[in-house]
Amino acid sequence: MKKIAFITGATSGFGRAAAEKFASEGWSLVLSGRRLERLLDIKECLDVPTHIIQLDVRDAAAVKEAVESLPNEFSEITALINNAGLALAPEGAADVDLSDWHTMIDTNCTGLVNVTHALLPKLIEVGAGTTIINVGSIAGQWPYPGSHVYGASKAFVKQFSYNLRCDLQGTGVRVTDLAPGIAETEFTLVRTKGDQTASDNLYKGTTPLSAQDIAEHMFYIADLPEHININRVEVMPTRQAWSPFAIDRD
Ligand SMILES: NC(=O)c1ccc[n+]([C@@H]2O[C@H](COP(=O)([O-])OP(=O)(O)OC[C@H]3O[C@@H](n4cnc5c(N)ncnc54)[C@H](OP(=O)(O)O)[C@@H]3O)[C@@H](O)[C@H]2O)c1
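Conventions and cut-offs
Residues numbered from 1 in each chain as written. Predicted model: local features only at pLDDT ≥ 70, side-chain atom pairs only at ≥ 80, totals over all residues. Helix = DSSP H or I, 4+ residues; strand = E, 2+ residues; numbered from the N terminus. Rg over C-alpha atoms; globule rule 2.2 N^0.38 Å. Buried ≥ 20, exposed ≤ 12 C-beta atoms within 10 Å, placed from the backbone. Pairing = 2+ DSSP bridges. Right-handed = clockwise from strand over helix to strand, strands pointing away. Axes fitted to C-alpha atoms, helices over the stretch in contact; angles between N-to-C directions. Parallel < 35°, antiparallel > 145°, perpendicular 65-115°, else oblique. Left-handed = near helix turned anticlockwise from the far one by under 90°. Contact = placed C-beta atoms within 7 Å. Nonpolar A, V, L, I, M, F, W, Y, C, P; charged D, E, K, R; others polar.

Caption draft 1: Molecular detail of the overall build of the protein. Counting its secondary structure elements, the protein contains eight helices and nine strands. Against the 2.2 N^0.38 benchmark of 18 Å for 250 residues, the protein shows a C-alpha radius of gyration of 18 Å, consistent with a compact globule. C-alpha extents for the protein along the principal axes are approximately 65 × 40 × 35 Å.

Pasting the structure below:
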């Protein structure tokens with residue numbers, strides 16, 4: 001059977017690495033993101049059938065339209081990789097610009113829901129062996145300063161994934177919350193609104209996960225025998241762990 005992965009946020013980081021990994025395994029691809037030049041560039045580099053869609057996942061009508069107008073040869077989706085997302089505002093909650101909170105909710109929660117809702121009928125139609133991989137985060141499980149709405153949005157991703165599993169029981173569609181720890185992508189550049197030094201400093205002197213590490217996990221999950229559902233995977237680099245509780249003292 002021809003296999004097709006629909007990947008959101010394919011212009012960078014995990015999404016781009018996933019496109020390369022699934023292509024190397026012979027899957028066809030539907031790649032989306034807002035930056036068209038990057039989509040064109042990725043398509044050029046891949047030698048599998050690839051359909052690109054310039055798409056902002058926050059726009060429910062555009063998402064619906066993009067899914068409804070998928071060319072026939074890309075319409076039977078085998079894996080949806082809900083990867084598009086971002087963190088903003090590393091400062092504490094009291095100092096955050098409200099619009100940054102809204103952008104994270106609109107992208108990480110509403111955007112993911114928009115794409116899932118639009119693609120569910122297609123996934124259910126294909127049935128057994130199909131997979132939804134929702135990219136959560138360790139921030140959805142563990143609190144840390146400056147995580148505020150970002151972590152909360154990823155907790156939404158985790159619970160939405162579990163709840164979807166209940167409603168998809170009997171359809172054969174699998175759902176996984178894939179929750180990475182620190183990984184070197186453009187994530188911190190976005191979070192700091194373009195501060196390359198801050199981004200470099202975060203990853204300096206340690207060994208973060210790479211985008212390819214996460215792409216390998218995505219492929220492993222999507223390629224499992226159809227009777228196996230991985231509910232949640234939390235992946236940290238070996239050099240990342242928890243810190244002690246913070247105690248406020250006089
Ligand atoms: N890196 C980490 O440490 C880490 C850890 C845990 C979880 N995550 C999660 O992993 C996912 C991928 O992040 P990454 O680390 O690969 O970061 P990245 O390199 O910044 O990639 C983020 C991707 O999301 C896309 N995106 C952002 N907003 C979008 C929107 N409104 N509509 C469509 N696409 C949008 C971007 O594409 P365009 O800008 O072209 O639209 C880009 O392709 C995110 O959900 C993130 O929260 C990252």
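Once you've had a look at it, read on.
Caption draft 2: Spotlight on the pairing of strand β2 (residues 28-33). Within β2, six of the six residues are buried, leaving the element largely enclosed by the surrounding structure. Judged by which residues are buried, β2 turns out to be covered on both faces: Ser 28, Val 30 and Ser 32 on one side and Leu 29, Leu 31 and Gly 33 on the other are all buried. Note: strand β1 (residues 4-8) against β2, five bridges, orientation parallel. Across the sheet, residue Phe 6 finds its bridge partner in β2, namely Val 30. In this fold, the crossover linking β1 to β2 by way of helix α1 (residues 13-24) has right-handed handedness. Here β2 runs beside strand β3 (residues 50-54); their pairing, made up of five bridges, is parallel. Following the sheet pairing, Leu 31 is matched in β3 by Ile 52. Note on the crossover from β2 through helix α2 (residues 36-45) to β3: the handedness is right-handed.

Caption draft 3: Main features of the environment of Lys 193. Summarising the element assignment, Lys 193 is placed in the loop between α6 (187-191) and α7 (196-203). Assessed through the 11 C-beta atoms surrounding it within 10 Å, Lys 193 is described here as exposed. Between the C-alpha atom of Lys 193 and that of Thr 207, which follows or precedes it by 14 residues, the distance is 23 Å.

Caption draft 4: Region of interest: unusual backbone geometry. Unusually for a residue other than glycine, Ala 89 sits at a positive phi of about 55°. Judged by the 23 C-beta atoms lying within 10 Å of it, Ala 89 is buried. Positive phi is not limited to glycine here, since Lys 193 has a value of about 55°.

Caption draft 5: Spatial organisation of the sheet that holds β2. Here we have seven strands laid out as an open sheet, ordered β3-β2-β1-β4-β5-β6-β9, and parallel in their pairing. Every other strand in the sheet has two partners, leaving β3 and β9 (232-235) as the edge strands with one partner each. Adjacent strand axes in the sheet meet at a mean angle of 15°, parallel and antiparallel pairs treated alike. With five bridges joining them, strand β5 (residues 131-135) and strand β6 (residues 174-180) adopt parallel strand pairing. If you follow Ile 133 over to β6, its bridge partner there is Thr 176.

Caption draft 6: How the structure looks around the packing of helix α3 (residues 60-68) against helix α4 (residues 98-126). As a packed pair, α3 and α4 sit with axes 9 Å apart at the nearest point and diverge in direction by 30°. Taken together, the axis directions place α3 and α4 in an arrangement best described as roughly parallel. Helix-helix and strand crossings are classified by hand; for α3 and α4 the assignment is right-handed. In contact with Ala 60, Val 63, Lys 64 and Val 67 of α3, α4 contributes Asn 114, Val 115, Ala 118 and Leu 119. Tallied by class, the residues present in the contact of α3 with α4 amount to six nonpolar, one polar and one charged.

Caption draft 7: Summary view of the environment of Val 115. Along the polypeptide, Val 115 turns up in helix α4. Accessibility expressed as a C-beta count within 10 Å gives 27 for Val 115, which makes it buried. As for Val 115 and Val 67, which are separated by 48 residues in sequence, their C-alpha atoms are 8.5 Å apart. If we ignore the near neighbours within four places in the chain, the residues touching Val 115 are Thr 8, Val 57, Val 63, Leu 80 and Asn 82.

Caption draft 8: Spatial organisation of the pairing of β1. For β1, the buried fraction is high: five of the five residues fall into the buried class. Residues Ile 4, Phe 6 and Thr 8 point to one face of β1 and Ala 5 and Ile 7 to the other, with burial holding for every one of them. Where β1 and strand β4 (residues 79-82) come together, three bridges link them in parallel fashion. Bridged to Ala 5 within β4 is Ala 79.

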